[in-house]
Amino acid sequence: MGYELTQQEMKAYFKTLTKQYRLVGPIREKAKGSFSDTDKIVYGVFEDIEDLVLEEKAFYSPKEFLMPIRETLFHFIDGQIVEPKIDTKPILIFARPCDLNGIRRLDTIFLKNGDIKDAYYERRRQLVKYVMIECREGFDTCFCVSMGSNTYTDYEAAIRFEGDHSLLEVVDSTLVTQDLSRVRKTDFVPEYIKENKVKVEIPPTDKVNKSLFEHPLWKEYTRRCIACGRCNTSCITCSCFTMQDVEVSDDGLLDERRRVWASCHIKGYTDMAGGHGFRKQNGERMRFKTMHKINDYHKRFGEHMCVGCGRCDDVCPEYISFSKCINKLSEIIKEESHE
Amino acid sequence: MSIDRKLVTKNAYRITKIRNKTALRVRVPGGHLEAKYFQIIQEVAEKYGDGTVHLTTRQGFECPGIDFDQIPQINKMIRPLIESLGLDVDYGDGGYPAAGTRNISACIGNRVCPYANDDTTRIANSLEKAVYPHDFHFKIAVTGCPNDCIKAHMQDFGIICLTEPQYDSKRCITCEACVDNCKKKVTGALSVKNFNIERDIEKCIGCGECILKCPAGAWTRSEEKYYRMVIMGRTGKKNPRLAMPFIKWATEEEITQIIKNTYGFVERYIDTSLPKEHIGYIVDRMGYQVFKKEVLEGITLNPKALVAEHIQWHGYHYKTDMQFNHEGL
């Protein structure tokens, strides 16, 4: 069912929703940017629809509401294991199709990757419903169309913000509140972006082989990449984590086991005893990430991991563009197959 | 030719080595100027000067080769430049009302530089309004971070913008990017304890590097901005030396008031037998404790502010410190 709501009606509707849901969407954190006197757009809990920021892309993705940056799995208390309770109030995530497709990748990794589901992920995932933010324009660095993640249909509601009024499609009947009985009905079906400024050509998975590992392309990234890890932390699909066992009390009776984000561009990733590491050069880390996002994941799950949200481009302090890297790789493969 | 040398100097025209020729010094607080004013400077230089403009060491402009008798016309022309300082008093066509307190210089600050912790141009402009026109010889500079690109350490008052890093352990991935960087580039104020980052507040200089390095947003900036003020740095023919920290984690209001109070201090103790006496020498003569007491008078410092108990300035004395040998023989 579609509705047309004025700003006032929207405010009232979302106010009602906050009773039942935590609303999570792109919001502005004043003066919380890395640089002084800059804001940061992040995914956060909001109450007023006017708090949503739509004109800029969020620096981070909504993934931290499904896999917190730090998540305590359990405490050891004198031989007992206690799992801390989490906030079980359901969440409505306001996100664009790219991010919703991204969360589908997270679902695959945590719930469909082998026989065992990740219970810690699942308990949070079950709380989440989507309000898809219609995205017809995109941003400068987006390449969702190339990745096929410009569309998404499995949402509970979709919304188009149009100045002083908004169009809403509600699929999930539990989101139809009294507020909506008073507003104008309309036929609203969200539209999707058809073309991005950035286009990428993904190399065919069967053409990618180990001979590419030694290609000078990766040396370029060894020179350019500083392994700061922003591309990973901002990525909607990066889902690697590590474990931390924290001694809370000196007598060892109270400990905490938590998992924490870890990433291929961040210190310590896959380091082993004796200081051995698989990918010491930053270019090798870049190669690993690239292969995972647009090759290895596909081999295992039948679709690419990268959804083309372009955040890695937006946040890289060295102006490394992942879409450019993919295209370079495609060119190299084309040239090599012609030879 | 008859000119009142002292009045002319106060009017920001200098005595030059060429008889009857002067040079106009244009103030540019913070070294940042709307480009439209270039036209005026160009016109002064081409119409009345020798057609050249010097970029001064303090980020102003100097137009040399001007005849003294052209001063009234030039003062009329530069009125918009003086008005651009936004002073409370309208000085009309009289030209600059003082020249002793030198142009307040500043690095480019956070309008451009990612490291800067504040808008140094704005601070320079605001300080200009607080201290100008004043004829005591004060050198003030504002730098956006402890890199100190403007050389705040060479000033009577060097203001270094700081932020107090705020740590949110819930966002920390213990990647140690902040710790490694602080150790290599700064003071090693950060360490890891139980997967959390600990900031040694004694060692932290408020540069904000940890915030810049954090990939997860665990470090953010404090709402309040802070400043370290270093004082009494100088060049000169007696005892060149770097300025030393006087107060840290001070607010903008506090540092402004300290500078304003220092004018009173100088008023009371300046050696009037000299044509001018730099403030550093007055502090040397009166002692740091007197200076400290008098310039902090009436200021209620914020609880975070720390004031140096003693200051031992270093540098060297031309008179005594040099041991030179003829190595060419």
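Residues numbered from 1 in each chain as written. Chains lettered and ligands numbered in written order. Predicted model: local features only at pLDDT ≥ 70, side-chain atom pairs only at ≥ 80, totals over all residues. Heavy atoms only, no water.

Student: Report on the packing of helix α8 (residues 282–301) of chain A against helix α10 (residues 322–338) of chain A, specifying residues and quantitative values.
Tutor: All names here are of chain A. Between α8 and α10, the least distance of the axes is 11 Å, while the angle of their chain directions is 80°. The angle between α8 and α10 falls in the class roughly perpendicular. Contacts from Met286, Lys289, Thr290, Met291, Lys293 and Ile294 in α8 reach Phe322, Cys325, Ile326 and Leu329 in α10. (Axes fitted to C-alpha atoms, helices over the stretch in contact; angles between N-to-C directions. Helix = DSSP H or I, 4+ residues; strand = E, 2+ residues; numbered from the N terminus. Parallel < 35°, antiparallel > 145°, perpendicular 65-115°, else oblique. Contact = heavy atoms within 4.5 Å.)

Student: How would you summarise the packing of aromatic side chains if you had to cite specific residues and measurements?
Tutor: Under the definition given, this model contains 24 aromatic pairs over all chains. Look at Trp218 of chain A and Tyr221 of chain A: their rings are 6.3 Å apart centre to centre, the planes differ by 40°, and that puts the pair in the tilted class. Residue Trp218 of chain A and its partner Tyr221 of chain A are both found in helix α6 (residues 216–224); the two are separated by three residues, about one turn of the helix. Tyr221 of chain A sits in the buried class, given a relative accessible area of 1%. Through a chain of ring-to-ring contacts, the aromatic side chains of Phe246, Phe265, Tyr269, Tyr288, Phe291 and Trp313 of chain B assemble into a single cluster. The ring of Phe241 of chain A has Arg259 of chain A sitting right over it, with the charged end atom 4.6 Å from the ring centre. Directly above the ring of Phe213 of chain A sits Arg287 of chain A, whose terminal nitrogen or CZ lies 4.1 Å from the centroid. (Phe/Tyr/Trp six-rings, centres within 6.5 Å; stacked < 30°, edge-to-face > 60°. Buried < 20%, exposed > 50% of the residue type's maximum accessible area, 1.4 Å probe, protein only. Lys NZ or Arg CZ within 6 Å of the ring centre and 35° of its normal.)

Student: An account of the packing of helix α5 (residues 120–131) of chain B against helix α8 (residues 252–269) of chain B is requested, with residue identities and associated values reported.
Tutor: All names here are of chain B. Viewed as axis vectors pointing N to C, α5 and α8 meet at an angle of 35°, and their least axial separation amounts to 10 Å. Like other packed secondary-structure pairs, α5 and α8 cross with a definite hand, here right-handed. Seen from α5, the contacting residues are Arg122, Ile123, Ser126, Leu127, Ala130 and Val131; seen from α8, they are Glu252, Thr256, Ile259, Lys260 and Tyr263. Tallied by class, the residues present in the contact of α5 with α8 amount to six nonpolar, two polar and three charged. (Left-handed = near helix turned anticlockwise from the far one by under 90°. Nonpolar A, V, L, I, M, F, W, Y, C, P; charged D, E, K, R; others polar.)

Student: Now, about the sheet that holds strand β5 (residues 105–106) of chain B: what can you tell me, with residues and values included?
Tutor: Residue and element names in this part refer to chain B. Read from one edge to the other, the open sheet built from six strands follows the order β5-β6-β7-β12-β13-β14, with strand pairing classed as mixed. At either end of the open sheet lies a strand with only one pairing partner, and these are β5 and β14 (306–307). The strands that α5 touches are β5, β6 (140–143), β7 (157–163) and β12 (225–231); relative to β6, the one it contacts most, it runs at about 155°. (Pairing = 2+ DSSP bridges.)

Student: Can you tell me about the environment of Met77 of chain B, naming the residues and giving the values?
Tutor: All names here are of chain B. Note on placement: Met77 falls in helix α3 (residues 71–77). Distance in space between the C-alpha atoms of Met77 and Val44 is 7.7 Å, their sequence separation being 33 residues. Not counting the four nearest positions on each side in its chain, Met77 is found in contact with Ile40, Glu43, Val44 and Tyr48.

Student: Could you give me a rundown of the state of the cysteines, with the residues and numbers involved?
Tutor: Scanning all chains against the criterion turns up zero disulfides over all chains. Of all cysteine sulfurs in the structure, the one in Cys228 of chain A sits closest to Cys316 of chain A, which takes part in no disulfide; the separation is 6.1 Å. Judged by its relative accessible area of 17%, Cys316 of chain A falls in the buried class. Between Cys175 of chain B, a free cysteine, and Cys214 of chain B, which holds the nearest cysteine sulfur, the sulfur-to-sulfur gap is 6.3 Å. (Disulfide = S-S within 2.5 Å.)

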